[in-house]
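Per-entry structural report
Below are the chains, spelled out letter by letter.
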2 protein chains.
Amino acid sequence: MVQKSNPPEPRLPPEGEAPPEAKRRGRPRGYDPDVAVRQATATFWDQGYAGASLDDLSAATGMNRPSLYGAFGDKQTLFRIALDRYMDESRATMIQAFRAGGTLREALARVYQAALSRYLSGDVGGRGCFLVSAGLGQAVVDPVVRQTVADGLHELDRGFERLFSRAYEHGELPPGTDHAALARVAGVMVNALSVRARAGETRQQLEATITATVDLICGPRVSE
Amino acid sequence: MVQKSNPPEPRLPPEGEAPPEAKRRGRPRGYDPDVAVRQATATFWDQGYAGASLDDLSAATGMNRPSLYGAFGDKQTLFRIALDRYMDESRATMIQAFRAGGTLREALARVYQAALSRYLSGDVGGRGCFLVSAGLGQAVVDPVVRQTVADGLHELDRGFERLFSRAYEHGELPPGTDHAALARVAGVMVNALSVRARAGETRQQLEATITATVDLICGPRVSE
DNA sequence: AGGTTTTTATTCGAAATGGTACAAAAATCA
DNA sequence: TGATTTTTGTACCATTTCGAATAAAAACCT
């Protein structure tokens, strides 16, 4: 019987989480799966799914195509892995920014700055948010990606909702304020930063936009 | 000497602007260049530059590949044409929305609604803004596209600047308001709508976001 | 050392892709 | 009608692309 040969199960962490230095059996890998995914992610990030050929990915990771396939499965699977990993990283830093306390103004600025420095990373200029720059393109074609991206945005929105809800309860917003509406505006603004970063705006411009947004939401900073 | 055979000059309007029914010489075209570009635009819009194959474009326009090439030049040229045409159309409706008068609140709502209905058009669900959804991907690779997209965003920003500047002068904003900062926030919010539309949010959700934004900028609507 | 296991490197192949050559088709002009 | 002009349709070509088959390489185990 002819096997249909589905994309192999990617098995990223050979075991555990920390350095699994437990003597692996065969020939040792010539690459670090973690950095390889990171490099593949960068390639997709810059060039998009369709724009990134397997040769591009191969060059970026230093792995040849059979190794790529063996390690991560086909291109679609690799993209999903890249997306998941991006989300994990992004979630981690965002949660930190949300939770670090301080005034609403401080928290907002922290969150925007965290997003921005991610969006401006990379050596081809601003890349924006992976979800937006690469994810939304592939979402049209891959339902898994579509769902993951939607979840990611929703998660972000929830973060802002909680932030504004707490701020409201702590009296940081005038009584009667529609804090849910404020949270929505604050949340989508992150996506706007992604677009503008990708469009080549400078950090200065983007930070001015952040300041303007924060001032609009929290009221302009009063000096002394 | 071997000719390098550059992409042919696309000659869209055979002459004039209105129906150029001036008896063309050879076999008549089997397509309308204007709707063909529109269909090609839709394909790029949904699938991006790299994701749209010439076969896709051929199917969408009903033209076979040689006709496509003869009429518009190579794929890159066709994309630039699609981008230019999108900008022209978009500019036209946006200028209308900006100029139609009324209060700042009304003008803002009109502009956002105009953008939104464009972003939600199409049969694959929300497509967002062509500049953002397709343009920014190709901008990495094609400097002409990069410049055009940057110009488009800048033009949008200018529209908001003028709107807010006028509103300020007419006393629609509290004295001392940093109307330039407000204009920047209002402008990038259009891009946020594009992202969220593409991510599959419903018209209701997006309109709620618009309302929240307008209320934040103009102050909540006072009933009677 | 010999066997086992896993990864790497070379190579291949089928399909898709962007682009083109060329003749047939469909109109006008003389 | 026949010549001319322009567009269309078929077929073709070179390259790229994704994926896989296969054997060599590099480690461990006994």
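Residues numbered from 1 in each chain as written. Chains lettered and ligands numbered in written order. Predicted model: local features only at pLDDT ≥ 70, side-chain atom pairs only at ≥ 80, totals over all residues. Heavy atoms only, no water.

1. A closer look at the overall build of chain A
For chain A, the count of helices and strands is nine helices and zero strands. Its helices and strands in sequence order give chain A the pattern α-α-α-α-α-α-α-α-α, from N to C terminus. Expressed as a percentage of the 224 residues in chain A, the buried residues total 44%. Residue pairs at least 24 apart in sequence account for 66% of intrachain contacts in chain A once pairs closer than 6 positions are excluded. Only carbon and sulfur atoms are counted for the fraction: they give 52% of the accessible area of chain A, which is about 11800 Å². (Helix = DSSP H or I, 4+ residues; strand = E, 2+ residues; numbered from the N terminus. Buried < 20%, exposed > 50% of the residue type's maximum accessible area, 1.4 Å probe, protein only. Contact = heavy atoms within 4.5 Å. Areas by Shrake-Rupley, 256 points an atom, 1.4 Å probe, with all protein chains shown as cover.)

2. Notes on the interface of chain B and chain A
It is common to report an interface's size as the accessible area lost on association of the parts. Contacts between chain B and chain A engage 32 residues on the former and 32 residues on the latter. The contact between chain B and chain A buries some 2600 Å² in all, and 74% of this surface belongs to carbon and sulfur atoms. Summed over the shared surface of chain B and chain A, the number is two salt bridges. Between Arg-196 of chain A and Asp-157 of chain B there is a salt bridge; the shortest N-O distance is 2.8 Å. If you look at where chain B meets chain A, you find four residue pairs in polar contact (both at pLDDT 80 or more). At the level of elements, helix 1 (33-51), helix 6 (130-139), helix 7 (143-169), helix 8 (179-198) and helix 9 (203-218) of chain B are the ones that each hand at least two residues to the side of chain B that touches chain A. For the side of chain B that touches chain A, the element with the highest residue contribution is helix 8 of chain B, accounting for 12 residues. Classifying every residue of the side of chain B that touches chain A gives 19 nonpolar, seven polar and six charged. (Buried area = accessible area lost by both parts, 1.4 Å probe. Salt bridge = Lys/Arg side-chain N within 4 Å of Asp/Glu carboxyl O. Polar contact = N/O pair within 3.5 Å; in protein donor to acceptor, adjacent residues only side chain to side chain. Nonpolar A, V, L, I, M, F, W, Y, C, P; charged D, E, K, R; others polar.)

3. Looking at the protein's contact with DNA strand D
In the vicinity of DNA strand D lie 27 residues, with Leu-54, Arg-65, Tyr-69 and Lys-75 of chain A together with Gly-30 of chain B positioned nearest. The sugar and phosphate moieties of DNA strand D supply 69% of its atoms located within 4 Å of the protein. In the model, a base nitrogen of DNA strand D is placed 3.4 Å from a nitrogen or oxygen of the Arg-27 of chain A side chain. Here a phosphate oxygen of DNA strand D sits 3.0 Å away from a polar atom, N or O, in the side chain of Ser-67 of chain B. When contributions to the surface near DNA strand D are tallied by element, the ones reaching two or more residues are helix 3 (65-72) of chain A together with helix 3 (65-72) of chain B. Considering every element that reaches the surface near DNA strand D, the biggest residue donor is helix 3 of chain A, with three residues. Per-class residue counts for the surface near DNA strand D are eight nonpolar, seven polar and 12 charged. (Near = heavy atom within 4 Å.)

4. Let's talk about the relation of the copies chain B and chain A
Between chain B and chain A, which share one sequence, the superposing operator has a rotation angle of 180 degrees and an axial displacement of 0.0 Å; the RMSD is 0.0 Å. Such values leave the two copies arranged in the relation of a two-fold axis. Taking the C-alpha atom as reference, chain B places Ala-192 of chain B closest to the rotation axis, 2.2 Å from it. Same-surface contact between copies: 100% of interface residues of chain B are shared with the interface of chain A. (Least-squares fit on C-alpha atoms with pLDDT ≥ 70 in both.)

5. Focus: the protein's contact with DNA strand C
Taken together, 27 residues lie around DNA strand C, and Gly-30 of chain A together with Leu-54, Arg-65, Tyr-69 and Lys-75 of chain B are the ones closest in. Within 4 Å of the protein, atoms of DNA strand C come from sugar and phosphate in 70% of cases. Between DNA strand C and Gly-30 of chain A, the relevant distance is 2.4 Å, taken from a phosphate oxygen to a main-chain nitrogen or oxygen of the residue. Between a base oxygen of DNA strand C and a side-chain N or O atom of Arg-65 of chain B, the distance comes to 2.5 Å.

6. Observations regarding the packing of helix 1 of chain B against helix 2 (residues 54-61) of chain B
All names here are of chain B. The contact between helix 1 and helix 2 brings their axes to 9 Å, and the two run at 155 degrees. Considered as vectors, helix 1 and helix 2 are oriented roughly antiparallel to each other. Seen along the crossing, helix 1 lies across helix 2 with a hand that is right-handed. Note on element contacts: helix 2 touches helix 1 through Asp-56, Leu-57, Ala-60 and Thr-61, opposite Ala-36, Gln-39, Ala-40, Thr-43, Phe-44, Gln-47 and Gly-51. Here the residues of the contact of helix 1 with helix 2 sort into five nonpolar, five polar and one charged. (Axes fitted to C-alpha atoms, helices over the stretch in contact; angles between N-to-C directions. Parallel < 35°, antiparallel > 145°, perpendicular 65-115°, else oblique. Left-handed = near helix turned anticlockwise from the far one by under 90°.)

7. Overview of helix 7 (residues 143-169) of chain A
In this model helix 7 of chain A runs 38 Å from its N-terminal to its C-terminal C-alpha over 27 residues, within 8% of the 39 Å that 1.5 Å per residue would give. Within the span of helix 7 of chain A, buried status applies to Val-145, Thr-148, Val-149, Gly-152, Leu-153, Leu-156, Asp-157, Gly-159, Phe-160, Leu-163, Phe-164 and Ala-167 of chain A. Lining the buried residues of helix 7 of chain A we find helix 4 (75-99), helix 5 (104-119), helix 6 (130-139), helix 8 (179-198) and helix 9 (203-218) of chain A together with helix 8 of chain B. Where helix 7 of chain A begins, one side-chain oxygen reaches toward the backbone nitrogen of Val-144 of chain A, 2.9 Å away; that side chain belongs to Asp-142 of chain A. One or two residues past the end of helix 7 of chain A sits Gly-171 of chain A, with phi positive at roughly 75 degrees. (Expected span 1.5 Å × (residues − 1).)

8. Some thoughts on the pattern of salt bridges
All names here are of chain A. Inspection of every chain in the model, using the stated rule, returns 29 salt bridges over all chains. The salt bridge partner of Arg-85 is Glu-89, with a shortest N-O separation of 3.0 Å. Note that Arg-85 and Glu-89 are positioned in helix 4 at a spacing of four residues, about one turn of the helix. Residue Arg-85 is classed as buried on the basis of its relative accessible area of 16%. Look at the salt bridges and you will find they share partners, linking Asp-34, Arg-38, Arg-85, Glu-89 and Arg-118 into a network.

9. Description of the environment of Cys-129 of chain A
All names here are of chain A. Mapped onto the fold, Cys-129 is located in the loop between helix 5 and helix 6. Since its relative accessible area comes to 6%, Cys-129 is described here as buried. The residues contacting Cys-129, other than those within four sequence positions of it, are Trp-45, Tyr-86, Tyr-119, Ala-134 and Ser-194.

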